[in-house]
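Descriptive analysis of the structure
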Amino acid sequence: MTRPYDQTNFNFMEISVYEAKSKLSERINKALAGEEIIVTRNGEPKIKLTPIVTKRNWVGLYEGKGEVLPAFFDSNEEDETVQFLTGEIE
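Keep in mind that what you see is a predicted model, and the values were worked out from it rather than measured.

Quick notes on the rules
Residues numbered from 1 in each chain as written. Predicted model: local features only at pLDDT ≥ 70, side-chain atom pairs only at ≥ 80, totals over all residues. Heavy atoms only, no water. Patch = residues over 30% accessible without salt bridge, like charges linked within 9 Å, V, L, I, M, F, W, Y side chains within 5 Å. Areas by Shrake-Rupley, 256 points an atom, 1.4 Å probe, with all protein chains shown as cover. Salt bridge = Lys/Arg side-chain N within 4 Å of Asp/Glu carboxyl O. Helix = DSSP H or I, 4+ residues; strand = E, 2+ residues; numbered from the N terminus. Buried < 20%, exposed > 50% of the residue type's maximum accessible area, 1.4 Å probe, protein only. Core = buried A, V, L, I, M, F, W, Y, C linked by side-chain atoms within 4.5 Å. Contact = heavy atoms within 4.5 Å. Polar contact = N/O pair within 3.5 Å; in protein donor to acceptor, adjacent residues only side chain to side chain. Pairing = 2+ DSSP bridges. Axes fitted to C-alpha atoms, helices over the stretch in contact; angles between N-to-C directions.

**Quick look at a nonpolar patch on the surface**
Taken together, Leu24, Ile28 and Leu32 make up a surface patch of nonpolar side chains, about 270 Å² in accessible area. Looking at where isoleucine 28 falls in the secondary structure, it is placed in helix H2 (residues 24-32). Accessibility expressed as a relative area gives 37% for isoleucine 28, which makes it partly exposed.

Quick look at the structure:
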């Protein structure tokens, strides 16, 4: 039987529709933990449970983890980027 999903990923589980219905919350937790869940009907893979990937909010991600040297601000006083970073403009 040909599988339409990635057979190189060995971190998957194949379950029947009946098992998916009876243990749905457990299977959702496994999918959220990174396990690929394939739901089969009559032995044929039909559905794949995977978590929804959300975008990370990058704003402020590195706040406080670096240093801007004073020379950067001294040499670029008229630069809009510097004004934005110092809060002079929004």
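**Points about the nonpolar core**
Ranked by size, the top nonpolar core spans six residues in total: Met13, Ile15, Ala20, Ala31, Ile37 and Val39. Those residues within four positions of isoleucine 15 in sequence are excluded, and the remaining contacts are Ala20, Arg27, Ile37, Ile38, Val39 and Thr40.

**Side note on the pattern of salt bridges**
Two side chains that carry opposite charge are able to pair once their charged atoms sit near each other. Scanning all chains against the criterion turns up two salt bridges. Taking the shortest distance from any N to any O, the salt bridge between arginine 27 and glutamate 19 comes out at 2.4 Å. The exposure class of glutamate 19 is partly exposed, given its relative accessible area of 23%. Two residues, arginine 27 and glutamate 26, come together in a salt bridge whose shortest N-O distance is 3.0 Å.

**Regarding the environment of arginine 27**
Inspection of the secondary structure assignment puts arginine 27 in helix H2. Given a relative accessible area of 5%, arginine 27 falls into the buried group. A polar contact of 3.0 Å, which involves the side chain of arginine 27, links it to the side chain of glutamate 26.

**A few points about the sheet that holds strand E1 (residues 12-16)**
Spatially, E1-E2-E3 is the arrangement adopted by the three strands of the open sheet, whose pairing is mixed. The open sheet is flanked by E1 and strand E3 (44-49), the only strands paired with a single partner. Ignoring strand direction, the axes of neighbouring strands in this sheet form an average angle of 30 degrees. Relative to strand E2 (residues 36-41), E1 runs parallel, the two being bridged by five bridges. Opposite methionine 13, over in E2, you have isoleucine 37 as the bridge partner.

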